[in-house]
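Chain by chain, the residues run as shown.
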Amino acid sequence: MNLRKSKNFVPLLILGVFGILILTMGILNHYFFRTVTYDYGNYNFAFWDYAHLRISPLPTFRGTFLQDHFSFTLFYFIPFYWLLNWLTQTYTLIIIQNACIIVAGWYSFKIIRLKSDSLWMTAGVLIYYFVILGRYTTFLADVNLAIISSCFIPVFIYYFKTKKYWVAFVILVLALFSRENIPLWFISIFMVLIIDHRKDKKAVLFSTTGIILSVIYFILLFKVFIPAIETPDKQYVIFNYSALGKGPGEAIVYILKHPVEAVKMFFVNHTGNPTYDGIKAEFYWVYLISGGFVLLLRPQYLIWFVPVVAQKVLNDAYVRWGIGTYYSIEVVTLLPLSVFLALSSLKSEKLKKILSVLVCISTLSMTLYKLERQNNKVPWLFDSAKVKIYDKEFFKASFDVKEVNKLLKLIPENASLSASNKLLPHLAQRERIYFFPKVEDAEYLVLSVYDNHYLYSHAQNDQFRQKYFSSNEWELIAHEFPVFLFKKITSSESSNGNQIKWSNTSNLLCDFEDKEENTNTLLSDKEINEMKHLLSDEKARSGQTSIKLTPESKYAPKIKLPGIKPKDHVEISIWYYSTEKNTIHLVAEGIDNYKHHNSEPDSVDIEGWKHLVLSFWVPENESELDGSTFFWNSGSEPAYIDDLQITIKTMETK
């Protein structure tokens, strides 16, 4: 293969390999039921809704998708809904988003080829574009407007640099309408383009006009368009920069009046909570090592990152500061272009080659390091199963996918439905769908017993589920553990009595009495001995004694959960007496796959004793069935625990 063919073939090969990789990751994450209601369920519902000429409230809140983000991006792709959706269904938006990423990568390559015909440069920018960390952390967010809207930028820059200004103008308009932050971003982009093309009067004029247009649209956006669609139930809440002011106008005034303090906030934790120290530093170090150091050679390219980094690190929410999910996507989209534009401007071909290889190696190394959950500053926001395609766990689901899909096909396409977190994205393309535990007028209810609504604790979620497992108004029509499908019983129908059947139920009790002869079947001799020093006769709900927990002795010993098996349902309850609110914590944990907690009592008896309940399903893949429960006191006053009860139910198999 000659050099000329290599210069065309190698970049196409890189694009093809990485394009297939990211498309496969997106599709498999959805196939294995790892996509979630917020965001992907909302996106699928809105996409279907727009395609049917409707603008309806989203499953997760009262407002519409347009009220959540003033964006017309999904409208752009309505033709693809009618072209593809009959075949690709709820995978359509995943395909569209990844196609946009591939296109943006290709245009980044085309821009670098305008500057350098070197294979090291053109192949290097594509490899770098696809191995940078933020390209993979975005899979944690499934599909997002920020990811798609960022893809307009390399396309716009290419047509600008090739002097196809009318095409560039169309892309500019589409980009401006794609998301609220794009106008501010374009102001800085045009500043860089003016510097790069300062000798081209037409380019400078176009860029100046673009700045004016972006400023005007930004003002209209926040002063006219967004207020026009707000309702009492749904106000615009995306502006979360309380350290700067109540709105964009106040923020700009603050920055002008207090530039030093504003700059300082780019680097320090401005919330006052030390838990969030170091999150911003992690972001800067990751992308500095991942090629960002090259921009020190051409600092003008730092300018177009200022508004997107400000939007990120000045926000009230610490989760936006770091490297997680899609919150670095604007940087990730422009950094490859910036780095290789800087490299292309170097005179030494040898230095170009060395730096391009160094950039790709350092970036890949950083990506592999940070894709390990334990290497993240905020690991609790990181789901390694969604991003590590090289790990065998990526290709596993927590249940039988084929059987669950058969179960979901029992739901009529036009039926109103309530669904739990990881099921809703697969069912969202319909007129009425609700995010469980919201049910409203749903005719069908489908849920996984491991799916928790993010606004509620695990304990609350399980209480919501148990309500329907024992309801006379809902009939269980199919189940494939851990997924259960219920149908609403209408007035003209009668139930077949098809509810969950239990093959075995055991109730274990402990009233914490100091008896010479142990007749308790719950506690072992070892556990009884460990409890004795906590026994108190100061207060008891039944019998003579209870467990007393104090600030000095706040933890009760662990109690083994006897005889539990995978797919068992366990309910643990205690009564406690305390003058403080929610300071007693009931915990259950297994070796491998679960840890649950509750501190909110569900009732209080006439003597002031509070009833605390924790229930959960033992994971199907729990390999070490050595579960245990314990309770502890986080308060500053003594508390008394009595009448522990553990109920273990084994579900009857099909």
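One structure accompanies this document, and this report is about it. Model, not experiment: these values are computed from the prediction. (Residues numbered from 1 in each chain as written. Predicted model: local features only at pLDDT ≥ 70, side-chain atom pairs only at ≥ 80, totals over all residues. Heavy atoms only, no water.)

Interhelical geometry of helix 12 (residues 182–196) versus helix 13 (residues 201–229) gives an angle of 165° and a closest axis separation of 9 Å. Relative to helix 13, the element helix 12 lies roughly antiparallel. Remark: the crossing between helix 12 and helix 13 carries left-handed chirality. Of the residues in helix 13, those in contact with Pro-183, Leu-184, Phe-186, Ile-187, Phe-190, Met-191, Leu-193 and Ile-194 of helix 12 are Phe-206, Ser-207, Thr-208, Gly-210, Ile-211, Ser-214, Val-215, Tyr-217 and Phe-218. (Axes fitted to C-alpha atoms, helices over the stretch in contact; angles between N-to-C directions. Helix = DSSP H or I, 4+ residues; strand = E, 2+ residues; numbered from the N terminus. Parallel < 35°, antiparallel > 145°, perpendicular 65-115°, else oblique. Left-handed = near helix turned anticlockwise from the far one by under 90°. Contact = heavy atoms within 4.5 Å.)

A few words on the state of the cysteines. Applying the stated criterion to the full structure yields 0 disulfides. The thiol of Cys-100 is unpaired, and the distance to the nearest cysteine sulfur, on Cys-151, comes to 5.3 Å. Taking the relative accessible area as the measure of exposure, Cys-100 reaches 15% and is therefore buried. (Disulfide = S-S within 2.5 Å. Buried < 20%, exposed > 50% of the residue type's maximum accessible area, 1.4 Å probe, protein only.)

Turning our eyes to something else, we now look at the environment of His-30. Tracing the chain through its elements places His-30 in helix 1 (residues 3–31). Here the alpha-carbon distance between His-30 and Tyr-40, two residues 10 residues apart in the chain, equals 9.4 Å. Discounting chain neighbours no more than four positions away, the residues touching His-30 are Thr-35, Tyr-40, Thr-90, Tyr-91, Ile-94, Pro-425 and His-426.

Right, let's get into the nonpolar core. Grouped together as the largest cluster of nonpolar side chains are 144 residues, with contacts concentrated most on Phe-156, Phe-186 and Val-446. For this core, the element with the most residues is helix 18 (residues 329–344), which contributes 11 residues. Setting aside its immediate chain neighbours within four residues, Phe-156 contacts Ala-168, Ile-171, Leu-172, Phe-186, Phe-190, Leu-193 and Phe-206. Core analysis: the next-biggest nonpolar cluster, separate from the first, contains 32 residues, Leu-549, Val-570, Ile-641 and Leu-644 among them. (Core = buried A, V, L, I, M, F, W, Y, C linked by side-chain atoms within 4.5 Å.)

With that settled, consider the sheet that holds strand 12 (residues 595–598). Ordered by their spatial adjacency, 4 strands build an open sheet running 9-15-11-12, and the pairing between neighbours is antiparallel. Edge positions in the open sheet fall to strand 9 (559–560) and strand 12, since each of these has one partner strand only. (Pairing = 2+ DSSP bridges.)

The next point concerns the pattern of salt bridges. This model, assessed by the stated rule, comprises 21 salt bridges. Of the charged contacts in the structure, one is a salt bridge between Glu-403 and Lys-406, with a shortest N-O distance of 3.4 Å. Of this pair, Glu-403 and Lys-406 both sit in helix 20 (residues 401–408), 3 residues apart, which is roughly one turn of that helix. In this structure, Lys-548 and Glu-538 form a salt bridge, with 3.0 Å as the shortest nitrogen-oxygen distance. Residue Lys-548 is located in strand 8 (residues 546–549), and its partner Glu-538 is located in the loop between strand 7 (535–536) and strand 8; the two are separated by 10 residues in the primary sequence. Each of Asp-49, Arg-54 and Glu-431 takes part in a single network of salt bridges with overlapping partners. (Salt bridge = Lys/Arg side-chain N within 4 Å of Asp/Glu carboxyl O.)

The next point concerns the sheet that holds strand 1 (residues 417–419). Spatial ordering of the open sheet is given by 2-1-3-5-4, a layout of 5 strands whose pairing is mixed. Here the strands that pair on one side only, and so sit at the sheet edges, are strand 2 (433–435) and strand 4 (474–480). Sheet twist, expressed as the average angle between the axes of neighbouring strands with direction ignored, equals 20°. Pairing geometry for strand 1 and strand 3 (residues 444–448), over 3 bridges, is parallel.

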